[in-house]
Amino acid sequence: MQAACNGICNHSLLFRLLKLVICPSDDMGSTNGLVSPPGKKPLFSFGVISDVQYADIPDGQSFLGVPRYYRHSICVLQRAVQKWNNHRNLNFVINFGDIVDGKCPSDQSLDAVKKVDNEFQKFNGPVYHLIGNHCLYNLPRDKLLPLLKIPGLNGHAYYDFSPSLEYRIVVLDGYDISAIGWPQGHSKTLQALEFLETKNPNSDKNSPAGLLGLERRFVMFNGAVGREQLEWLDGILKDATKLKQKVIVCCHLPLDLGASSQEALLWNYDEVMNVIHRYNCVKACLAGHDHKGGHSIDSHGIHHRSFEAALECPPDTDAFGHVDVYDNRLLLFGTDRMQSTEMSKTAQEA
Ligand SMILES: [Zn+2]
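- In the annotation of an unreviewed UniProt entry, the chain is listed under the name Manganese-dependent ADP-ribose/CDP-alcohol diphosphatase and assigned to Dovyalis caffra.
- As stated in UniProt under Sequence similarities (unreviewed entry), the record for the chain gives "Belongs to the ADPRibase-Mn family."

**Some details on the confidence of the model for the chain**
In low-pLDDT segments, the atomic positions of the prediction should not be examined closely.
Logical step 1: Of all residues in the chain, 90% have pLDDT values of 70 or greater, and the mean over the chain is 91.
Logical step 2: Below pLDDT 50 for its whole length, residues 6-30 participates in 16 contacts with residues either more than four positions away or in separate chains.

**Thoughts on the nonpolar core**
Logical step 1: Within the largest apolar cluster, 96 residues are counted, with the highest numbers of intra-cluster contacts made by Val116, Val249, Cys250, Leu266 and Ala310.
Logical step 2: Ignoring anything within four residues of it in the chain, the contact list for Cys250 reads Ile94, Phe96, Leu130, Ile169, Val170, Val171, Leu172 and Leu286.

**So, the sheet that holds strand E7 (residues 167-171)**
Logical step 1: The six strands are arranged E6-E7-E8-E9-E11-E10 in an open sheet whose pairing can be described as mixed. Bordering the open sheet on either side are strand E6 (159-164) and strand E10 (294-297), each of which pairs with just one other strand. Across the sheet, the axes of successive neighbouring strands diverge by a mean angle of 15°, strand direction being ignored.
Logical step 2: Summarising the sheet, strand E8 (residues 246-251) and strand E9 (residues 282-287) pair through five bridges and their orientation is parallel. Looking at E9, one finds that Cys250 is bridged to Leu286.
Logical step 3: Of the strands in this sheet, E6, E7, E8 and E9 touch helix H7 (residues 227-242), which is tilted by about 175° from E7.

**Some details on unusual backbone geometry**
Logical step 1: The phi dihedral of Gln53 falls on the positive side, at around 45°, and the residue is not glycine.
Logical step 2: Within the secondary structure, Gln53 is located in the loop between strand E1 (44-49) and strand E2 (60-61).
Logical step 3: The phi torsion at Arg88 lies on the positive side, around 75°, for a residue other than glycine.
Logical step 4: Along the chain, the position of Arg88 falls in the loop between helix H2 (73-87) and strand E4 (92-95).
Logical step 5: C-beta crowding within 10 Å serves as the criterion here: with 7 such atoms nearby, Arg88 is assigned to the exposed category.

**Some points on the pairing of strand E11 (residues 303-306)**
Logical step 1: The two faces of E11 match: His303 and Arg305 on one face and His304 and Ser306 on the other face are all buried.
Logical step 2: Pairing of E9 with E11, which is carried by four bridges, proceeds in the parallel orientation. Counterpart to Cys285 in the pairing with E11 is His304.
Logical step 3: Here E10 pairs with E11 via four bridges, running antiparallel. If you follow Ile297 over to E11, its bridge partner there is His303.
Logical step 4: The antiparallel pairing of E10 with E11 creates a hairpin that spans five residues between the two strands, and Gly301 there sits at a positive phi of about 80°.

**Structural notes on the packing of H7 against helix H8 (residues 269-277)**
Logical step 1: Close contact between H7 and H8 brings their axes to 9 Å; oriented N to C, the two are set at 20°. Here H8 runs roughly parallel to H7, going by the angle between their axes. Classified by chirality, the crossing of H8 by H7 is right-handed. Across from Leu230, Leu233, Asp234 and Leu237 in H7, the residues of H8 making contact are Glu271, Val272, Val275 and Ile276.
Logical step 2: Across the contact of H7 with H8, the residue classes break down as six nonpolar, no polar and two charged.

**Regarding helix H6 (residues 187-199)**
Logical step 1: With 13 residues, H6 should cover 18 Å at 1.5 Å per step; its first-to-last C-alpha distance of 18 Å lies within 8% of that length.
Logical step 2: Of all the residues in H6, the buried ones are Lys188, Ala192 and Leu196. For H6, the buried positions fall inside an angular range of 70° around the axis, keeping them on one side. What points out from H6, more than 90 degrees from its buried face, is the exposed set Ser187, Glu194, Glu197 and Thr198.

**A closer look at the environment of Asp173**
Logical step 1: Along the chain, the position of Asp173 falls in the loop between E7 and H6.
Logical step 2: In this structure Asp173 comes out as buried when scored by C-beta crowding, with 28 C-beta atoms within 10 Å.
Logical step 3: Once the C-alpha coordinates of Asp173 and Tyr158 are considered, the two residues, 15 residues apart in sequence, prove to be 4.9 Å apart.
Logical step 4: Excluding its chain neighbours within four sequence positions, the residues that come into contact with Asp173 are Ile131, Gly152, His156, Ala157, Tyr158, Val225 and Gln229.

**As for the pairing of E1**
Logical step 1: Pairing analysis gives five bridges linking E1 to strand E12 (residues 319-325), with the strands arranged antiparallel. Residue pairing for E12: Phe46 is matched across the bridge by Val323.
Logical step 2: Pairing of E1 with E4, which is carried by four bridges, proceeds in the parallel orientation. Within E4, the residue paired with Ile49 across the bridge is Asn95.

Criteria and thresholds
- Residues numbered from 1 in each chain as written.
- Predicted model: local features only at pLDDT ≥ 70, side-chain atom pairs only at ≥ 80, totals over all residues.
- UniProt positions renumbered as here; feature names shortened; annotations may be inferred.
- pLDDT = per-residue confidence, 0-100.
- Contact = placed C-beta atoms within 7 Å.
- Core = buried A, V, L, I, M, F, W, Y, C linked by C-beta atoms within 7 Å.
- Buried ≥ 20, exposed ≤ 12 C-beta atoms within 10 Å, placed from the backbone.
- Pairing = 2+ DSSP bridges.
- Helix = DSSP H or I, 4+ residues; strand = E, 2+ residues; numbered from the N terminus.
- Axes fitted to C-alpha atoms, helices over the stretch in contact; angles between N-to-C directions.
- Parallel < 35°, antiparallel > 145°, perpendicular 65-115°, else oblique.
- Left-handed = near helix turned anticlockwise from the far one by under 90°.
- Nonpolar A, V, L, I, M, F, W, Y, C, P; charged D, E, K, R; others polar.
- Expected span 1.5 Å × (residues − 1).
- Arc of directions from axis to C-beta.

Shown next, in the form of structure tokens:
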């Protein structure tokens, strides 16, 4: 059995040396073609990674046939943490969810989550975690949330924080109403199962077969933001508006079709966006879950960016990045398979 990497991976020293010769700037902070505005310091910066989905199992593929590298993905995370630490000016890191894959043998789930969390803890600063469906296949909320130190009341995983006077980061819990993660028979589980029963006629509720267009999101591996959380979000955005703060919304599940496949959207993305569109403070919505990644600008000028998955990086390739936040723009510097993205009022969709 191939062991997962200890420390930084050395799959192919030659490959990495070649890469340094071919792309010398790659390890120097100017990644994937985006250049910082000269002479202007960001208000704050943070690292991003999504869908590590580590498991000590052989490589496989998604139901669409996309290769998945379950053991290599933790190496991507290790290289990410090393690069974030070398950067020296990152204030925190946000993990966009799904740290361990659902295919991880259940007797290894706890150890696998701890192992991935241990890699995150090597970052020299705070790490904010979002929960994803794969996290919840491995551990129930009451075990997962304390382990990852996710704040939130009554088992919920939504919270906000303000890294600078000018900005607020809002983390949504996309599995608030969900058939996974809550105890069997819990009112939220029942609510989700009832909802799926009305929306998805398949016996396998993880299958979108026969569902058309946007209906294809009504599958069990997605979820919804509940009523109470919507009211909380509304209150946060009202408060941010009063304080003249700009807001970055983070959710494991994407909120805009332009940045996601139909199958990956939050069940009630439209309700969440209706709340967001009541205000002018939200500048970007960042997400994971839709592994190929995407970027769009919605009708209100809000940028939506779904991140490319670490899981789908072939050996010795990467998908992570960092975001520099300015008063009028966000610059995502992606590494390798993560595209760099300028998110500003004037930025055109790539
Ligand atoms: Zn997911």
